[in-house]
Amino acid sequence: METYGISKDVMFLNHVREVAGFIKNTYPNIGVMMWDDMFRNANVKDIERSKVNRIVTPVVWKYVVDVDTFFKPDLWMKYSRLFRTIWFGSAFKGATGSDQYITDISYHYENHIGWLKILSKLSSTVHVGGTMITGWQRYDHFAVLAELLPVSIPSLAVCLSTMRKAGVSKSELEHINELLGCRPDAPIQWSLDTRDRPEPKCSFPGHKVFEGVYMVKNAQYYASFLNSKGSLLAWHKEYNLKRDFSHSSRIKFLLEKTSKGYTYVTKAEAIMNSELPKYFSEETHVEWMETNIKPLKDLLQSKIAEAERLLKLDTWPRRPIHNIIN
């Protein structure tokens, strides 16, 4: 780049021009679209010199909830000068965590509401061709799976309705539940509650996979009593376990929570082993189970065994106990 006196942006734009130009020359009736972030910060004159703005249509993407406040006004001024048409890129799944297994409908709804706000502001200055509603399966080639499609169908239904009707009313949400075959007493869950809640009961294709991940979520809730924000830490540290020294009432509480979690995860395991092969390859099936079921099941199983062992004790040493290792 130093030899030819060009910047990284210019080198990239020249590459895009060659690739997009080849596509246009080979298939004249096909339009070329590309994600805008690759040249979002590039100089206007560099883009004009490359003539990329004449052969590609940018898809301006962002998947955050407050997308309407994310972009600065000068970006739209820049794109209105460079491109005849732009598209928006939103997401109905695969944008809230690289290993996320369950979809937060409210999050993706807000993302689409934000894009609608942008559209209302830009309607007189920039021609918007449409919105590309994306659903990502992995963050990149090396990452594990994010949410599976059956898990996200309710979110897709809500997002499509949002773009069509500029929002989702209570009656429209009821209609979506009806279309998905969800029971009135067990509808889709608008937001992800960390508590133990009954899983939705629906009948759309893949609904059992959808229901299975809510069992995993409930198992995670009970496993959360063991984490850094749980209520058992002072009685369940490695220090306690090495010395068989803990309060029996606290361990009974631990056993109660982990047993409930274990029940959920074993039910989920049976459902997913039955349902995932119907829709996905063996590779996807194995990866999902090893990522989302096995570590959780192993954790809960080990904590149940620890609790049962500690509850068999009926005598405890006096403090100090630092020299006692069992």
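Given the structure is predicted, the values throughout are model-derived calculations rather than measurements.

Draft legend 1. Region of the structure containing the overall build of the protein. What the protein contains, in helices and strands, is 12 helices and 4 strands. Here the protein has a C-alpha radius of gyration of 26 Å; the compact-globule value for 326 residues is 20 Å, and the former is much larger. A principal-axis box enclosing the C-alpha atoms of the protein has dimensions of 80 × 55 × 40 Å. Counting all 326 residues of the protein, 44% fall into the buried class. Sequence separation of at least 24 residues holds for 72% of the intrachain contacts in the protein that already meet a minimum separation of 6.

Draft legend 2. Looking closely at the state of the cysteines. Within this structure, the stated rule accounts for 1 disulfide. Across the disulfide from cysteine 182 sits cysteine 202; the S-S distance is 2.1 Å. Taking the sign of the S-S torsion, 100 degrees for the link of cysteine 182 and cysteine 202, the bridge is right-handed. Of this pair, cysteine 182 sits in the loop between α8 (170-179) and α9 (207-223) while cysteine 202 is found in the loop between α8 and α9, placing the two residues 20 residues apart along the sequence. For cysteine 182, a relative accessible area of 9% corresponds to the buried category. Overall, the relative accessible area of 7% leaves cysteine 202 in the buried class. Unpaired in this structure, cysteine 159 has its nearest cysteine sulfur neighbour in cysteine 182, at a distance of 15 Å. With a relative accessible area of 0%, cysteine 159 lands in the buried category.

Draft legend 3. Up close: the pattern of salt bridges. All told, the structure shown has 14 salt bridges when counted by the stated rule. Between aspartate 298 and lysine 294 there is a salt bridge, with its nearest N and O atoms 2.7 Å apart. Of this pair, aspartate 298 and lysine 294 both sit in helix α12 (residues 282-311), separated by 4 residues, roughly a single helical turn. Accessibility expressed as a relative area gives 35% for aspartate 298, which makes it partly exposed.

Calculation criteria
Going along each chain's sequence as written, the residues are numbered from 1 onward. Restriction of local features to residues with pLDDT of at least 70 applies here, the model being predicted, together with a cutoff of 80 or more for giving and counting side-chain atom pairs; totals for whole chains, interfaces and linings are based on all residues. The side-chain numbers reported here are obtained from all heavy atoms of the structure, hydrogens and water having been left aside. Comment: elements are numbered from the N terminus, with helices defined as DSSP H or I runs of at least four residues and strands as E runs of at least two. We take the radius of gyration over the C-alpha atoms and set the globule estimate at 2.2 Å times the residue count to the 0.38 power. Categorising residues by exposure relies on relative accessible area from a 1.4 Å probe, with only protein chains included: less than 20% of the type maximum marks a residue as buried, more than 50% marks it as exposed, and the intermediate range marks it as partly exposed. In what follows, residue pairs with any heavy atoms lying within 4.5 Å of each other are defined as contacts. Pairs of cysteine sulfur atoms within 2.5 Å are what we label disulfides. The rule for a salt bridge is simple: a side-chain nitrogen of Lys or Arg has to be within 4 Å of a carboxyl oxygen of Asp or Glu.

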